[in-house]
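Commentary on secondary and tertiary structure
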Amino acid sequence: MVRQRFKTNRSDSFFGEFVYEQVLPKDHFLVQLRAIVPWERFTDKLIKYYKGRARLGRPPYDPVVVLKMLLLSYLYNVSERQVEEMCNLNLAAKYFLGLGIDERPPDHTTLTAFKKRILANGNLGVFEALLRDVIALAVEKGIKFGEVQVVDSTHSMADVNVGKDKKRRKRGQRVRDPVAEWGVKSSRKVRDRDGRERVVKRQFFGYKAHASLNAETGLITSLVHTPGNAYDGHELCRLVERDLAQNLPVRIVAADRGYDSGANHYWLQEKGMYSAICLNRYRTEKKDENKRIWVELKRTEEYKRGQKERYKIERKFGEAKQGHGLGRCRYVGLVRYAIQGFLTAIALNLK
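Definitions and cut-offs
Residues numbered from 1 in each chain as written. Predicted model: local features only at pLDDT ≥ 70, side-chain atom pairs only at ≥ 80, totals over all residues. Heavy atoms only, no water. Helix = DSSP H or I, 4+ residues; strand = E, 2+ residues; numbered from the N terminus. Buried < 20%, exposed > 50% of the residue type's maximum accessible area, 1.4 Å probe, protein only. Areas by Shrake-Rupley, 256 points an atom, 1.4 Å probe, with all protein chains shown as cover. Core = buried A, V, L, I, M, F, W, Y, C linked by side-chain atoms within 4.5 Å. Contact = heavy atoms within 4.5 Å. Axes fitted to C-alpha atoms, helices over the stretch in contact; angles between N-to-C directions. Parallel < 35°, antiparallel > 145°, perpendicular 65-115°, else oblique. Left-handed = near helix turned anticlockwise from the far one by under 90°. Nonpolar A, V, L, I, M, F, W, Y, C, P; charged D, E, K, R; others polar. Salt bridge = Lys/Arg side-chain N within 4 Å of Asp/Glu carboxyl O. Pairing = 2+ DSSP bridges. Phe/Tyr/Trp six-rings, centres within 6.5 Å; stacked < 30°, edge-to-face > 60°. Lys NZ or Arg CZ within 6 Å of the ring centre and 35° of its normal.

Some remarks on the overall build of the chain
Tallying secondary structure elements over the chain gives 16 helices and six strands in all. Each principal axis of the C-alpha atoms in the chain carries an extent, and together these give about 80 × 55 × 40 Å. Looking at the chain as a whole, 49% of its 351 residues are labelled buried. On the chain, roughly 18,700 Å² of surface is accessible, and the fraction owed to carbon and sulfur atoms is 48%.

Re the nonpolar core
Of all hydrophobic cores here, the largest spans 74 residues; its most connected members are Trp-39 and Leu-72. If we ignore the near neighbours within four places in the chain, the residues touching Leu-72 are Leu-30, Asn-77, Val-78, Val-83, Cys-87, Ala-93, Phe-96 and Leu-97. Of all hydrophobic cores here, the second largest spans 19 residues; its members include Leu-219, Val-250, Ala-255 and Trp-267.

Quick notes on the packing of helix H8 (residues 125-140) against helix H16 (residues 334-350)
The interhelical angle for the contact between H8 and H16, taken along N-to-C directions, is 10°, at an axis separation of 9 Å. Relative to H16, the element H8 lies roughly parallel. Pair H8 / H16 crosses with left-handed handedness. Across the interface between the two elements, Phe-127, Glu-128, Leu-130, Leu-131, Val-134 and Ile-135 from H8 touch Ile-339, Phe-342, Leu-343, Ala-345, Ile-346, Asn-349 and Leu-350 from H16. The residue inventory of the contact of H8 with H16, partitioned by class, reads eleven nonpolar, one polar and one charged.

Digging into the side chain of Asp-165
Relative to the helices and strands, Asp-165 is located in helix H9 (residues 162-170). Filtering out sequence-adjacent residues up to four positions away, Asp-165 remains in contact with Val-160, Val-175, Arg-176 and Asp-177.

Brief notes about the pattern of salt bridges
Enumeration according to the criterion identifies 19 salt bridges in this entry. A salt bridge links Asp-165 to Arg-168, with the nearest nitrogen and oxygen atoms 2.6 Å apart. Within this pair, Asp-165 and its partner Arg-168 are both found in helix H9, separated by three residues, close to a single helical turn. With a relative accessible area of 3%, Asp-165 lands in the buried category. Here Arg-251 ties to Glu-302 by a salt bridge, and the two come within 3.3 Å at their closest N and O atoms. Placement of Arg-251 in the loop between helix H10 (236-245) and strand E5 (252-255) and of Glu-302 in helix H14 (residues 301-308) is noted, with a sequence separation of 51 residues between them. Several salt bridges converge on common partners, so that one network encompasses Glu-147, Arg-251, Glu-302 and Arg-305.

Some remarks on the packing of H10 against helix H11 (residues 262-270)
The geometry of H10 relative to H11 is characterised by a closest axis approach of 10 Å and an angle of 20° between their N-to-C directions. When the axes of H10 and H11 are compared, the pair comes out roughly parallel. You can see that H10 and H11 cross each other, and the crossing is right-handed. Counted together, Leu-236, Cys-237, Val-240 and Glu-241 of H10 and Asn-264, Trp-267 and Leu-268 of H11 form the full contact between these two elements.

Focus: the pairing of strand E1 (residues 148-157)
Within E1, nine of the ten residues are buried, which leaves the element mostly enclosed by the surrounding structure. Bridging between E1 and E5 involves three bridges; their strand directions are parallel. By the bridge assignment, Val-148 is partnered in E5 with Ile-252. Pairing geometry for E1 and strand E3 (residues 197-214), over nine bridges, is antiparallel. Looking at E3, one finds that Ser-156 is bridged to Tyr-207.

Things to note about the packing of aromatic side chains
Inspection of every chain in the model, using the stated rule, returns five aromatic pairs. When the centroid spacing of 5.1 Å and the interplanar angle of 70° are considered together, the rings of Tyr-20 and Tyr-95 count as edge-to-face. Residue Tyr-20 is found in helix H1 (residues 14-23), and its partner Tyr-95 is found in helix H6 (residues 91-97); the two are separated by 75 residues along the sequence. The same class applies to Tyr-20 as to Tyr-95, namely buried. Ring centres of Trp-39 and Phe-96 lie 5.5 Å apart, and the angle between their planes is 85°; on these two criteria the pair is classed as edge-to-face. Here Trp-39, found in the loop between helix H2 (29-36) and helix H3 (40-47), pairs with Phe-96, found in helix H6; they are 57 residues apart in sequence, far enough to count as distant. Grouping residues by exposure puts Trp-39 and Phe-96 together as buried. Through a chain of ring-to-ring contacts, three or more aromatic side chains come together here, namely Trp-39, Phe-42 and Phe-96. Its guanidinium or amino end placed over the ring of Phe-96, Lys-68 lies 5.0 Å from that ring's centre, counting from NZ or CZ.

Structural data, given as structure tokens:
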């Protein structure tokens, strides 16, 4: 069997379960996380990306051990070098990996090789599938999903020194991250000294993570990643389609004004869902009869209900940035940023 080809561990020795049972409290987060999630289900999904399904060469670590280390790095917002040290010295982390106390975890280069192996063979679909598996696991555990989905995006600064990149461009050299783009964080109207009104924009250089969140559970159910200059409204249909593919009971879709386009409202109507996309003022303040349908939409209970739930995704983004490092890219390039996005979302969902 494939499992016999993995490196063996000594978790069932004296320096394993016996000591852990004496030291670790049963209510520790990592103790519960190891017990609740059937991690072995991920082994078969990941082993196919190993050469010969791990039957060739020296026995590798079980890919779930490596996956757990990556998740720990996002759960505790530490680098891959730091998580190696953490898993070597922290008993709870070592127990979570299924290692004996006297065993060393995989080193950080193994984590890098794991990501490269996955990207070389399966692209980002593997990480997206892992997110779907966590949602499926939540359903199996009896978590009830609500009918309101909230869609929004958050930005992450590229791992780039913009000043140095400008000099590289002038010298005709390759920039550090050629895929990252300038985007707008926010804009506001101000008056200058002469009393003239102008729009001031706060910009960032990097990427966006577009997410769909179930308002009832607070779980992130789907993700799309783009350069920073992408228009948010184009991603709503793609996100909701991925939610529907997971058989989530989506009935109301809420979003901010950045998603207010006729195409999005029409698409939701055609799919039998209610739009709770925040309407721009020009729709309800126009002076012709065309505003009637928008005024009526704004009065519906579904619209009001969806708008009340919008804050939950902003709160989730704040948690992702402040507690799990999503405010800045760990890696260079869109594909590697997407890995960060998916693993951050999985870590948040597991919490």
